[in-house]
Amino acid sequence: MDNTLHSQVRIQAPIEFGYIFSDEDRVSIESVLCQCSRERLIKLAVLLNRNYCNKPALKLCEMLFPNDPRREELKNRIELFFQRDAKQNVEYVVCFETTSLELLRHAFSIPFERFDKTDSPSNIDQLQFEMVKLITQINEETMRCSVNQENRGSLSSLLYVNAASYWDILYYNPQDEGLAQVVQATAFFKLIEENTKYDTLLNRFYEKYLISNWREYLRTLVSLFSLSLESEGCIHTNLEIDVDSLITRSVLEQLSISSSYPHISYVSENEYDKGGNSDYRLFRDKPLFKFENGDYLIHSRPLLAYRMFSSLYFDFLRISEELEGQPNIANLFTSEFIEKTLFIGLMNECLSSDIIDALDEEGLKLRYKIQQGDIGYPDYFLKTEDAIILFECKDIRINAWIKEQRNYTIIENELRNKLVSKTYQLDYTNHRHREIPPKRIGCGQIAGHVANIRKNCFPWDSTLTQDIKVYPVLVVADNRLVAPGLAKLLQVWYAECLQKERLDKSLEYPLILMSPLTLIKYSSLFQQEGFEKYFDGYYRSLRSKPVDIISIFNNQISFDEYMSQYPFKLETLGKEFIKELMADRKEQ
């Protein structure tokens with residue numbers, strides 16, 4: 001099955017304002033939006049999402065009444081663009097889902113009192129045409145990105161800066177994300193439930209949502225997630241759709257934004273500002289709207305799914321701040337949960353019969369405790385007869401303001417600081433990067449361990465030969481960050497780290513980038529046949545010489561993408577989690 005992942009390449013782009021209009025035709029976003037009520041705009045955004053996203057560009061004309069002469073004019077403008085300026089092999093569409101979210105983001109950045117509560121615009125035809133212009137203006141804004149001259153010829157740089165900002169929304173996979181979120185949320189809640197030092201934290205969470213068990217929170221979200229898969233957007237206030245009584249109203253209330261919400265700044269001022277709506281911060285926190293009649297509306301399926309686990313970090317961060325910073329939430333999520341509980345647990349499920357040594361950090365400490373100046377412990381060490389595999393697991397979050405800048409230089413600095421070498425920390429008080437002594441992490445840490453193996457001074461196993469095969473694996477905890485281009489970028493940065501360690505990069509294996517999602521999906525394959533079989537297959541796919549655009553893109557894939565060609569069965573996992581989510585009901 002090697003290297004058969006992509007048999008075709010599909011390139012989509014939204015129809016932008018400048019393609020079909022001139023600059024003097026631009027409209028004022030606020031003046032257009034304020035001709036409607038905010039409830040009407042919410043419904044419009046959801047309609048845009050459901051009926052127009054990823055649809056052929058000419059469908060844009062259907063936003064105007066059939067008898068409006070501007071409808072034919074709009075059609076002519078689009079067709080003229082196709083004839084004169086459209087790029088070959090690009091499929092132009094009305095918009096992406098980010099356009100509907102941007103429309104909502106603008107609507108909630110305007111003070112509520114400025115909207116027309118009557119919903120009776122004086123000229124509905126004119127308003128519709130202005131809304132078409134507004135949508136194409138938003139399309140134009142969301143497609144802007146910046147790559148410096150040095151990296152302009154790098155496909156991986158172009159791919160990543162173009163995809164990273166919206167990857168989790170535009171390429172949302174319901175099956176993968178539903179699985180990843182439920183697995184992580186369940187494991188996280190069980191960790192803090194079973195550890196008495198987190199009792200106060202968990203009880204505050206219960207108080208916020210007016211629930212007695214975390215399963216009520218997760219059941220509600222899983223139910224909403226299932227309804228969203230069935231294209232259900234509206235949840236009527238009587239909850240008649242909830243035939244099995246799985247939805248808890250108090251959770252719905254906490255996850256909802258009132259349509260009369262005052263307003264929130266459209267964007268954060270900088271990377272230190274946590275108050276604006278950069279990266280849809282408000283909508284990630286509250287993925288439903290509540291109307292004046294009491295009905296609820298799901299506005300974004302991806303953001304709803306991510307509320308199960310990914311957004312919990314910020315829930316517990318706010319609770320911790322109320323408790324004067326106790327416990328340390330970053331340490332709880334990153335060290336205690338992701339690294340020591342989730343990752344180690346998944347790795348233990350993947351061990352094959354050919355493994356002769358498997359050590360996590362605690363096992364490594366029993367052999368050798370690092371001294372000052374040493375490189376940190378590998379997160380997991382595997383040994384077979386003829387190879388070792390070094391795993392580093394990194395749980396990182398990309399700053400919301402940085403993420404949406406779509407500027408390669410800025411995002412590269414952020415990634416290198418979190419995945420290669422830690423050189424600065426954010427000083428939120430003085431709004432600056434506070435420099436710190438460089439510390440090898442991620443790619444840099446693995447390269448350091450490889451260098452020690454080659455120098456025969458790897459302290460945890462003195463029996464290793466200097467020429468043993470070493471598979472370097474970086475596990476990025478959040479699979480939503482593994483966007484196209486990142487795997488190749490990290491391989492380049494890892495090669496730089498090897499050179500700094502005075503190693504010949506041509507003699508070492510390239511870095512393998514993966515996420516816990518792949519461990520969840522394919523643990524049975526790894527257990528039966530070992531990691532090496534699939535790592536070697538991945539390397540063969542990378543060594544294939546690109547001969548066309550399809551093979552060029554295949555050469556950029558991560559290990560997650562490579563493994564997606566293999567089927568996995570969700571049924572067994574699904575039954576296990578349903579049983580877990582219903583456990584508290586059996587106790588009642």
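Here, the structure is the one placed above.
Explain the overall build of the protein chain to me, using residue names and the numbers behind them.
In terms of regular secondary structure, the protein chain is built from 27 helices and 13 strands. Projected onto its principal axes, the C-alpha coordinates of the protein chain cover approximately 80 × 65 × 50 Å. Counting across all 588 residues of the protein chain, residues that qualify as buried make up 55%. Residue pairs at least 24 apart in sequence account for 76% of intrachain contacts in the protein chain once pairs closer than 6 positions are excluded. When the accessible area of the protein chain is evaluated, it comes to approximately 26600 Å², of which 48% is carbon and sulfur surface. Once the 69 positive and 86 negative side-chain charges of the protein chain are each reduced to a mean point, those two points are 2 Å apart.

Describe the packing of aromatic side chains, naming the residues involved and giving the relevant values.
To describe a pair of aromatic rings, one takes the distance between the centres and the angle between the planes. Under the counting rule described, the total for this entry stands at 57 aromatic pairs. Here the aromatic rings of Phe 189 and Phe 205 are separated by 5.4 Å at their centres, their planes lie at 50°, and the arrangement is tilted. Within this pair, whereas Phe 189 is found in helix H9 (residues 174-194), its partner Phe 205 is found in helix H10 (residues 199-209), the two being separated by 16 residues in sequence. Overall, the relative accessible area of 0% leaves Phe 189 in the buried class. When the ring centre of Tyr 266 is taken as reference, the NZ or CZ atom of Arg 105 above it lies at 4.0 Å.

Which residues make up the environment of Met 582, and what values go with them?
Along the chain, the position of Met 582 falls in the loop between helix H26 (571-581) and helix H27 (583-587). The exposure class assigned to Met 582 is partly exposed, which follows from its relative accessible area of 24%. In this structure Met 582 touches Arg 219 and Leu 246, once residues within four positions along its chain are discounted.

Give a detailed account of the pattern of salt bridges, specifying residues and quantitative values.
For side chains of opposite charge, pairing can occur when their charged atoms come near one another. Tallied over the entire structure, the rule returns 46 salt bridges. Note that Arg 432 is salt-bridged to Asp 427, the shortest N-O span being 3.5 Å. Linked by salt bridges that have partners in common, Asp 168, Asp 279, Arg 284, Lys 403, Asp 478 and Arg 480 make up one network.

Talk me through the environment of Asp 478; I want residue IDs and the actual numbers.
Take Asp 478: it is sitting in the loop between strand S12 (469-476) and helix H21 (486-500). By relative accessible area, which is 17% here, Asp 478 ends up buried. A polar atom in the side chain of Asp 478 sits 2.9 Å from the side chain of Arg 480.

Conventions used here
- Residues numbered from 1 in each chain as written.
- Predicted model: local features only at pLDDT ≥ 70, side-chain atom pairs only at ≥ 80, totals over all residues.
- Heavy atoms only, no water.
- Helix = DSSP H or I, 4+ residues; strand = E, 2+ residues; numbered from the N terminus.
- Buried < 20%, exposed > 50% of the residue type's maximum accessible area, 1.4 Å probe, protein only.
- Contact = heavy atoms within 4.5 Å.
- Areas by Shrake-Rupley, 256 points an atom, 1.4 Å probe, with all protein chains shown as cover.
- Lys, Arg positive; Asp, Glu negative; His and termini not counted.
- Charge placed at Lys NZ, Arg CZ, Asp CG, Glu CD.
- Phe/Tyr/Trp six-rings, centres within 6.5 Å; stacked < 30°, edge-to-face > 60°.
- Lys NZ or Arg CZ within 6 Å of the ring centre and 35° of its normal.
- Salt bridge = Lys/Arg side-chain N within 4 Å of Asp/Glu carboxyl O.
- Polar contact = N/O pair within 3.5 Å; in protein donor to acceptor, adjacent residues only side chain to side chain.

Limitation: the analysis is restricted to geometry and does not speak to function.
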